[in-house]
Amino acid sequence: MEAGLGGLSAAAIVEHAKLVGEYQDAMNDYTKSTHDYEAKLVENSTAFAEHAAQKATCEQNQADFEVAVCDSGVSLQASCNAYMSAYSIHASDYQDITGNVAARILDRQAEWKHLKRVTCVLRTLAALEKDGDLGANSSASNDLSGCYQTDYANNNLTIP
């Protein structure tokens, strides 16, 4: 055997060089894996932080949405209550006016009958030629009882 460097044979040095190369390749793979792992940790931390921020934003948006829906509901309820109150007032006013009109119709009918009777009496009195004719002569033209004949079916007063 030949003595080589440090008393090692050439075959041992070649074998040692081969082992050193494998060790160096393994060390490079380890270093690369360590860098990749650290990069993934940073990427994971960034993704986690972005997720947490996005989740907080979503939760805030959901809370804002729920408040807006509730506010809208409260506003709609207030509008409905105001409408129902106004409707109730208008319906009550309408009923009052309808009752008032019905009462005025009866009043106007009574007034109309009375005015027709007064007109009849005045025409009969105006047709008299001299004082005392009304009491002395009981003819149909001088009789005031005709002024009080009413056609109730048609709501008309018969005027002679």
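What you see is a predicted model, and the numbers here were worked out from it, not measured in a lab.

About the cut-offs
Residues numbered from 1 in each chain as written. Predicted model: local features only at pLDDT ≥ 70, side-chain atom pairs only at ≥ 80, totals over all residues. Heavy atoms only, no water. Helix = DSSP H or I, 4+ residues; strand = E, 2+ residues; numbered from the N terminus. Buried < 20%, exposed > 50% of the residue type's maximum accessible area, 1.4 Å probe, protein only. Contact = heavy atoms within 4.5 Å. Areas by Shrake-Rupley, 256 points an atom, 1.4 Å probe, with all protein chains shown as cover. Patch = residues over 30% accessible without salt bridge, like charges linked within 9 Å, V, L, I, M, F, W, Y side chains within 5 Å. Salt bridge = Lys/Arg side-chain N within 4 Å of Asp/Glu carboxyl O. Phe/Tyr/Trp six-rings, centres within 6.5 Å; stacked < 30°, edge-to-face > 60°. Expected span 1.5 Å × (residues − 1). Lys, Arg positive; Asp, Glu negative; His and termini not counted. Charge placed at Lys NZ, Arg CZ, Asp CG, Glu CD.

A. Fine view of the overall build of the protein. Secondary structure assignment for the protein yields two helices and two strands. Reading the protein from its N terminus to its C terminus gives the helix and strand order α-α-β-β. Expressed as a percentage of its 160 residues, the buried residues of the protein come to 6%. Here the analysis covers contacts within the protein between residues at least 6 apart in sequence; of these, 48% occur between residues at least 24 apart. Accessible surface for the protein amounts to roughly 13,200 Å². Of this, 60% is attributable to carbon and sulfur atoms.

B. Representation of a nonpolar patch on the surface. On the surface, Y23, M27 and Y30 cluster together into a nonpolar patch covering about 370 Å² of accessible area. You can see Y30 is positioned in helix α1 (residues 10-127). According to the relative accessible area criterion, Y30 is exposed, its value standing at 54%.

C. Quick look at the packing of aromatic side chains. In the structure shown here, the tally under the stated rule is one aromatic pair. A centroid spacing of 6.3 Å and a plane angle of 25 degrees characterise the contact between Y83 and Y87, whose relative ring orientation is stacked. Here the residue Y83 and the residue Y87 both occupy positions in helix α1, the gap between them amounting to four residues, near one helical turn. Of the residues examined, Y83 reaches a relative accessible area of 53% and is grouped as exposed.

D. Expanded view of α1. The first and last C-alpha atoms of α1 sit 168 Å apart over 118 residues, in line with the 176 Å expected at 1.5 Å per residue. Within α1, burial applies to K113, C120, V121 and T124.

E. Geometry of the pattern of salt bridges. Tallied over the entire structure, the rule returns three salt bridges. Across the salt bridge formed by K40 and E43, the nearest N and O atoms sit 3.7 Å from each other. In this pair, K40 and E43 are both assigned in helix α1, three residues apart and thus about one turn of the helix distant. Among the residues examined, K40 registers a relative accessible area of 53% and is labelled exposed. Across the salt bridge formed by E111 and R108, the nearest N and O atoms sit 3.6 Å from each other. Of the two residues, E111 and R108 are both situated in helix α1; the distance of three residues between them amounts to about one turn of the helix.

F. Local environment of a negative patch on the surface. On the surface, a cluster of negative charge is made up of E15, E22, D25 and D29. Summarising the element assignment, D29 is placed in helix α1.

Shape is all these values report; function is a separate question.
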